[in-house]
Every structure is written in C-alpha cells, then in structure tokens.
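Architecture at a glance
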Amino acid sequence: MEMAGVNLDGRNAMKLTIPENSRKNAAKLEIFGVHLDDRHEHRRVKQAYSLVSEMQDSAPTAIIGDLNTLARNTLPARVIGTTFGKLQNADHISRRVPDRLRAIASKLGDMASGVTLDVFEQAGLHDISTGNATFPSRLPLLELDRCLVSPSVHASIQSQPHRAGSDHRAIKVVLES
C-alpha cells in the first residue's frame with residue numbers, strides 16, 4: 001500500500017493506493033479521503049477538477065469524505081436553492097437580513113447547486129450516498145459527506161451515530177472491486 005498527500009487548491013487530501021498484488025484477482029484500487037472547501041462552490045469545483053486529474057484512468061477509484069455539496073435533485077437542495085435564492089436576490093428583503101445570515105444563505109445556496117457533483121459524474125464516478133444526513137451531527141439535516149465510486153467498484157455506505165469532536169456524523173464505507 002502507498003499513501004500520499006494531494007494538494008487540492010489550498011486543501012489537502014489523502015490518496016491511498018492498494019496495489020493489485022495485495023488483493024486477489026483485482027486491479028489496483030485508489031481511495032481518496034477529502035474535505036472540500038466549505039465556503040465557495042467555485043473553489044470546490046476547482047478542487048474536484050484537481051482530484052479528477054489525480055485519478056488513474058483505468059484504476060478503480062473511490063472518493064470519500066466531506067464534499068460540502070448537496071445532490072441537486074434532493075429535497076434539501078431544492079428547498080435551500082429556492083428559499084435562499086429568493087433571499088439573496090430580493091433587495092427589499094436582503095437589506096433587512098443581517099450580514100451573517102446572508103453569508104450563511106449564500107454558502108448554503110452554493111452547496112445546493114450540485115455543480116461539484118457534476119464534475120465527478122462527468123469523470124465517470126457515481127454517488128452511492130444513501131440520503132442519510134450527516135450534518136450537523138447532533139440533528140443531521142444535510143448529506144454533505146459522500147462516497148463517489150467508479151463503475152468497477154461496489155460499495156455500501158452507512159451513517160454512524162453522533163460522536164463528540166465533530167460537527168459531522170462519520171460515514172462507514174465498505175469497498176469491493
């Protein structure tokens with residue numbers, strides 16, 4: 001096995017490569033552990049492109065971690081996109097909203113766009129996330145922690161109970177290729 005750090009436009013990720021000779025009848029497996037930017041969609045998109053460029057073309061791949069993005073067609077994304085989009089675009093409303101709330105609205109609106117997940121989908125990865133919310137950990141409402149895999153990887157994912165020390169619930173992923 002080989003582990004290496006990967007620079008993702010200001011964020012670090014870990015890349016674990018499991019060689020084919022360590023697994024019966026299997027090709028090399030690449031696993032990326034990530035925590036994408038939590039403020040701006042354009043940064044997450046750049047980080048997604050950086051990750052895709054690190055992937056070996058034919059290697060089975062899994063990207064696991066806090067992507068800080070929502071799948072576009074989910075109910076939370078539609079509600080957030082609609083609600084916060086109106087808040088951001090209505091001057092007569094936004095002038096009366098405190099700056100802190102406007103910043104949160106902007107951040108959540110970006111997360112609901114789904115553009116980051118589009119980058120991974122175009123690279124041939126699919127999201128196996130199950131709809132189990134992981135954030136905030138005490139009362140999860142949003143699924144920000146995800147697992148994306150290439151077609152040759154079979155995976156299952158489970159959200160874990162709240163544990164002190166994080167604002168996200170952990171996810172447990174079982175991979176086979």
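Everything numeric in this text was worked out from a predicted model, so none of it was measured.

Quick notes on the rules
Residues numbered from 1 in each chain as written. Predicted model: local features only at pLDDT ≥ 70, side-chain atom pairs only at ≥ 80, totals over all residues. Heavy atoms only, no water. Helix = DSSP H or I, 4+ residues; strand = E, 2+ residues; numbered from the N terminus. Buried < 20%, exposed > 50% of the residue type's maximum accessible area, 1.4 Å probe, protein only. Contact = heavy atoms within 4.5 Å. Areas by Shrake-Rupley, 256 points an atom, 1.4 Å probe, with all protein chains shown as cover. Expected span 1.5 Å × (residues − 1). Arc of directions from axis to C-beta. Axes fitted to C-alpha atoms, helices over the stretch in contact; angles between N-to-C directions. Parallel < 35°, antiparallel > 145°, perpendicular 65-115°, else oblique. Left-handed = near helix turned anticlockwise from the far one by under 90°. Nonpolar A, V, L, I, M, F, W, Y, C, P; charged D, E, K, R; others polar.

The next subject is the overall build of the protein chain. A count of helices and strands for the protein chain gives 5 helices and 8 strands. Moving toward the C terminus, one meets the helices and strands of the protein chain in the order β-β-β-α-β-α-α-α-α-β-β-β-β. Classification of the 177 residues of the protein chain by burial places 40% in the buried group. In the protein chain, the share of contacts with a sequence separation of at least 24, taken over all contacts with a separation of at least 6, comes to 61%. Carbon together with sulfur atoms contributes 51% to the accessible area of the protein chain, which is approximately 10000 Å² in total.

In a regular helix each residue adds 1.5 Å, so 14 residues correspond to 20 Å; helix H1 (residues 41-54) covers 20 Å between its end C-alpha atoms and thus fits that length. All buried positions along H1 are accounted for by Glu 41, Arg 44, Val 45, Gln 47, Ala 48 and Leu 51. Mapping the buried residues of H1 onto a view down its axis gives an arc of 165 degrees, with all of them on the same face. Opposite the packed face of H1, turned more than 90 degrees from it, sit the exposed residues His 42 and Ser 53.

Moving on, we get to unusual backbone geometry. Cis geometry marks the peptide bond from Phe 135 to Pro 136; its omega dihedral reads -15 degrees. On the secondary structure map, Pro 136 appears in the loop between strand E5 (126-127) and strand E6 (145-149). Of note in the backbone geometry, Asp 9 takes a positive phi value of approximately 50 degrees without being a glycine. Summarising the element assignment, Asp 9 is placed in the loop between strand E1 (2-8) and strand E2 (11-18).

To continue, consider the packing of H1 against helix H5 (residues 115-122). Geometry of a packed helix pair, given as the angle between the helix axes and the separation of the axes. One can describe the packing of H1 onto H5 by two numbers: an axis separation of 8 Å at closest approach and a directional angle of 15 degrees. Considering the angle they form, H1 stands roughly parallel to H5. Relative to H5, the crossing made by H1 is right-handed. Across the interface between the two elements, Glu 41, Arg 44, Val 45, Ala 48, Tyr 49, Leu 51 and Val 52 of H1 pack against Val 115, Thr 116, Val 119, Phe 120 and Gln 122 of H5. Among the residues making up the contact of H1 with H5, the classes are represented as 8 nonpolar, 2 polar and 2 charged.

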